[in-house]
There are 2 protein chains.
Amino acid sequence: MDMFNDTDSIWAEKFRVHGYRLTKPRKAVLMVLNKTSKHLSAEDIYLAIHRSYKDIGFATIYRTLDLLVRMNLVNRFEFGDGKSRYELIYERKEVPTHHHHLICRKCGKVIDYSDFIEEETKLIDKIECELSKKYDFEIDRHIIQFYGLCDECKGEE
Amino acid sequence: MDMFNDTDSIWAEKFRVHGYRLTKPRKAVLMVLNKTSKHLSAEDIYLAIHRSYKDIGFATIYRTLDLLVRMNLVNRFEFGDGKSRYELIYERKEVPTHHHHLICRKCGKVIDYSDFIEEETKLIDKIECELSKKYDFEIDRHIIQFYGLCDECKGEE
DNA sequence: CTTGCTGCAAAGTGTTTGCATACAT
DNA sequence: ATGTATGCAAACACTTTGCAGCAAG
């Protein structure tokens with residue numbers, strides 16, 4: 001059962017370079033993240049894998065996610081509900097890769113947006129460049145999040 | 001012992017308007033947050049208060065912080081180490097209020113910066129305005145965080 | 001007075017760790 | 001072969017909750 005094809009060689013290669021092993025659970029985590037554009041929690045991922053792979057354990061999910069984050073294949077987000085969320089960085093999906101988040105502080109709903117990314121990128125690039133010089137900091141990612149009330153929660157305040 | 005003066009009437013007023021009581025523990029939390037420009041965790045705040053107020057309890061700290069966040073007096077941040085951090089929004093301090101964060105993904109160090117805030121504000125305002133229309137979302141705050149490696153951790157990678 | 005707030009302790013929740021076993025290379 | 005990765009269960013760390021007593025308005 002080879003769930004991986006041509007595109008996966010990117011991942012396979014990354015693993016080889018780092019000296020890590022591309023195991024069944026790790027493939028499964030990548031598959032799940034690759035199949036969705038949602039912000040999955042460790043539990044979401046566990047449940048998705050568990051359907052077809054009963055032996056998967058939570059510890060492996062967490063260890064794999066940490067690894068993927070360290071390898072810069074996955075982004076970790078905190079939306080304020082106590083659990084971390086994960087998103088693939090290099091994706092094969094047809095949705096825009098770079099986006100940011102609108103988070104409802106009442107119901108926790110998260111909306112992805114990728115409007116204004118171009119203008120934003122220009123400014124962020126400049127800021128990134130200057131900040132890394134000023135603070136001698138090697139920046140490799142950024143997050144922008146807007147907090148507020150979504151359409152449904154707005155009225156009830 | 002009245003730890004509060006003229007400026008505190010702003011807080012007192014806010015509490016009165018909402019119908020909340022300005023109690024000793026709540027004053028203490030505000031005092032601690034007001035005295036520093038650091039990003040304090042619930043435990044930091046507990047310890048600071050505990051020095052002079054032995055009866056303070058963790059539950060109260062957490063409940064107070066939740067309240068202050070809901071009242072928009074305090075911002076809650078997650079820097080990825082599992083604990084929430086808190087910062088006063090309306091401060092009397094001499095440091096710039098609006099700032100963002102550089103977070104070292106290795107040692108967890110957090111650097112505040114307030115460079116480029118003007119240009120940034122212009123763009124963010126515009127984005128905020130358009131997004132709130134497009135997604136029917138009432139935005140009341142945003143966070144921008146850069147992740148990477150600080151000067152000390154850069155070499156070791 | 002009255003109702004909201006507090007402190008305590010216990011319970012929850014998400015995440016991490018130790019260790020023997022299994023497996024990728 | 002050999003050293004890494006896994007699964008399990010127990011341990012952790014942070015946060016939340018229930019409740020009887022306390023205190024702010």
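Refer to the preceding data block for the structure.
One structure accompanies this document, and this report is about it. (Residues numbered from 1 in each chain as written. Chains lettered and ligands numbered in written order. Predicted model: local features only at pLDDT ≥ 70, side-chain atom pairs only at ≥ 80, totals over all residues. Heavy atoms only, no water.)

Some thoughts on the pattern of salt bridges
A side chain of one charge can pair with a side chain of the opposite charge when the charged atoms of the two come close.
Alright, step 1. Scanning the model with the defined rule gives 16 salt bridges over all chains in all.
Alright, step 2. Linking Lys134 of chain A and Asp115 of chain B is a salt bridge whose minimum nitrogen-to-oxygen distance equals 2.5 Å. A residue pair is termed interchain when its members come from two chains, as with Lys134 of chain A in helix H5 (residues 117–134) and Asp115 of chain B in the loop between strand E5 (110–113) and helix H5 (117–135).
Alright, step 3. What makes Lys134 of chain A exposed here is its relative accessible area of 52%.
Alright, step 4. In this structure, Asp81 of chain B engages Arg85 of chain B in a salt bridge whose closest nitrogen and oxygen atoms are separated by 2.5 Å.
Alright, step 5. Arg85 of chain B sits in the buried class, given a relative accessible area of 16%. (Salt bridge = Lys/Arg side-chain N within 4 Å of Asp/Glu carboxyl O. Helix = DSSP H or I, 4+ residues; strand = E, 2+ residues; numbered from the N terminus. Buried < 20%, exposed > 50% of the residue type's maximum accessible area, 1.4 Å probe, protein only.)

What to know about the protein's contact with DNA strand C
Alright, step 1. Around DNA strand C, 23 residues are found, and the nearest of them are Tyr62 of chain A together with Thr23, Tyr53, Thr60 and Arg63 of chain B.
Alright, step 2. If you look at DNA strand C and keep only atoms within 4 Å of the protein, 70% of those are sugar or phosphate atoms.
Alright, step 3. Here Arg26 of chain B contributes a side-chain N or O atom positioned 3.0 Å from a phosphate oxygen of DNA strand C.
Alright, step 4. Between DNA strand C and the protein, one listed contact pairs a base nitrogen with a side-chain N or O atom of Arg63 of chain B at 2.9 Å.
Alright, step 5. Listing elements by their share of the surface near DNA strand C, those giving two or more residues are helix H4 (58–70) of chain A together with helix H2 (24–35) and helix H4 (58–70) of chain B.
Alright, step 6. Counting residues per element, the surface near DNA strand C draws most heavily on H4 of chain A, at four residues.
Alright, step 7. Considered class by class, the residues forming the surface near DNA strand C number nine nonpolar, six polar and eight charged. (Near = heavy atom within 4 Å. Polar contact = N/O pair within 3.5 Å; in protein donor to acceptor, adjacent residues only side chain to side chain. Nonpolar A, V, L, I, M, F, W, Y, C, P; charged D, E, K, R; others polar.)

Some thoughts on the side chain of Arg85 of chain A
Residue and element names in this part refer to chain A.
Alright, step 1. Locating Arg85 in the fold gives a position in strand E3 (residues 84–88).
Alright, step 2. Within the local environment of Arg85, its side chain forms a polar contact with the backbone oxygen of His39, the two atoms lying 3.4 Å apart.
Alright, step 3. Discounting chain neighbours no more than four positions away, the residues touching Arg85 are His39, Leu40, Ser41, Asp44, Asn75, Arg76, Phe77 and Phe79. (Contact = heavy atoms within 4.5 Å.)

Details of the pairing of strand E6 (residues 138–149) of chain A
Alright, step 1. Burial analysis of E6 of chain A places 10 of its 12 residues in the buried class, the great majority of the element.
Alright, step 2. Judged from the four bridges that link them, strand E4 (residues 100–104) of chain A and E6 of chain A form a sheet pairing that is parallel. Its bridge partner lying in E6 of chain A, His101 of chain A is registered against Gln145 of chain A.
Alright, step 3. Bridging between E6 of chain A and strand E6 (residues 138–149) of chain B involves 11 bridges; their strand directions are antiparallel. (Pairing = 2+ DSSP bridges.)

Looking at the packing of H2 of chain B against H4 of chain B
All names here are of chain B.
Alright, step 1. Running from N to C, H2 and H4 cross one another at 70 degrees; their axes reach a closest spacing of 10 Å. Taken together, the axes of H2 and H4 lie roughly perpendicular to each other. Within the contact between the two elements, H2 uses Pro25, Arg26, Val29, Leu30 and Leu33 and H4 uses Thr60, Ile61, Thr64, Leu65, Leu67 and Leu68.
Alright, step 2. The residue makeup of the contact of H2 with H4, split by class, is eight nonpolar, two polar and one charged. (Axes fitted to C-alpha atoms, helices over the stretch in contact; angles between N-to-C directions. Parallel < 35°, antiparallel > 145°, perpendicular 65-115°, else oblique.)

Some thoughts on the interface of chain B and chain A
Alright, step 1. Between chain B and chain A, the residue contacts involve 40 residues of the former and 40 residues of the latter.
Alright, step 2. Roughly 3900 Å² of surface becomes buried between chain B and chain A when both sides are summed, with 64% attributable to carbon and sulfur atoms.
Alright, step 3. The largest per-residue losses of area from chain B upon contact with chain A belong to Phe137, Phe146 and Tyr147 of chain B, which jointly make up 18% of the total buried on that side.
Alright, step 4. The tally of links from chain B across to chain A stands at eight salt bridges.
Alright, step 5. Linking chain B to chain A there are 20 residue pairs in polar contact (both at pLDDT 80 or more).
Alright, step 6. Among the secondary structure elements, those contributing two or more residues to the side of chain B that touches chain A are strand E4 (100–104), E5, H5, E6 and helix H6 (151–154) of chain B.
Alright, step 7. If you tally residues by element for the side of chain B that touches chain A, the top one is E6 of chain B, at 12 residues.
Alright, step 8. Considered class by class, the residues forming the side of chain B that touches chain A number 19 nonpolar, five polar and 16 charged. (Buried area = accessible area lost by both parts, 1.4 Å probe.)

Points about the relation of the copies chain B and chain A
Alright, step 1. Of the transformation superimposing chain B on chain A, the axial component is 0.0 Å and the angular component is 180 degrees, with the fit at an RMSD of 0.0 Å. Interpreted geometrically, this transformation is the action of a two-fold axis. Residues of chain B ranked by C-alpha distance from the rotation axis are headed by Ile144 of chain B, positioned 2.3 Å from it.
Alright, step 2. Interface overlap between copies is the fraction of interface residues in one copy that are interface residues in the other; for chain B against chain A it reaches 100%, indicating a shared surface. (Least-squares fit on C-alpha atoms with pLDDT ≥ 70 in both.)

Focus on the state of the cysteines
All names here are of chain B.
Alright, step 1. Within this structure, the stated rule accounts for zero disulfides over all chains.
Alright, step 2. The cysteine Cys153 is free of any disulfide, with Cys107 supplying the nearest cysteine sulfur at 3.7 Å.
Alright, step 3. Given a relative accessible area of 6%, Cys153 falls into the buried group. (Disulfide = S-S within 2.5 Å.)

What about the protein's contact with DNA strand D?
Alright, step 1. Around DNA strand D sit 22 residues in total, of which Arg21, Thr23, Tyr53 and Thr60 of chain A together with Tyr62 of chain B are the nearest.
Alright, step 2. If you look at DNA strand D and keep only atoms within 4 Å of the protein, 65% of those are sugar or phosphate atoms.
Alright, step 3. The backbone of Asp55 of chain A places a nitrogen or oxygen atom 3.3 Å from a phosphate oxygen of DNA strand D.
Alright, step 4. Here a base oxygen of DNA strand D sits 3.3 Å away from a polar atom, N or O, in the side chain of Arg63 of chain B.
Alright, step 5. Secondary-structure elements contributing two or more residues to the surface near DNA strand D are helix H2 (24–35) and H4 of chain A together with H4 of chain B.
Alright, step 6. Ranked by residue count, the leading element in the surface near DNA strand D is H4 of chain B, at four residues.
Alright, step 7. Per-class residue counts for the surface near DNA strand D are nine nonpolar, five polar and eight charged.

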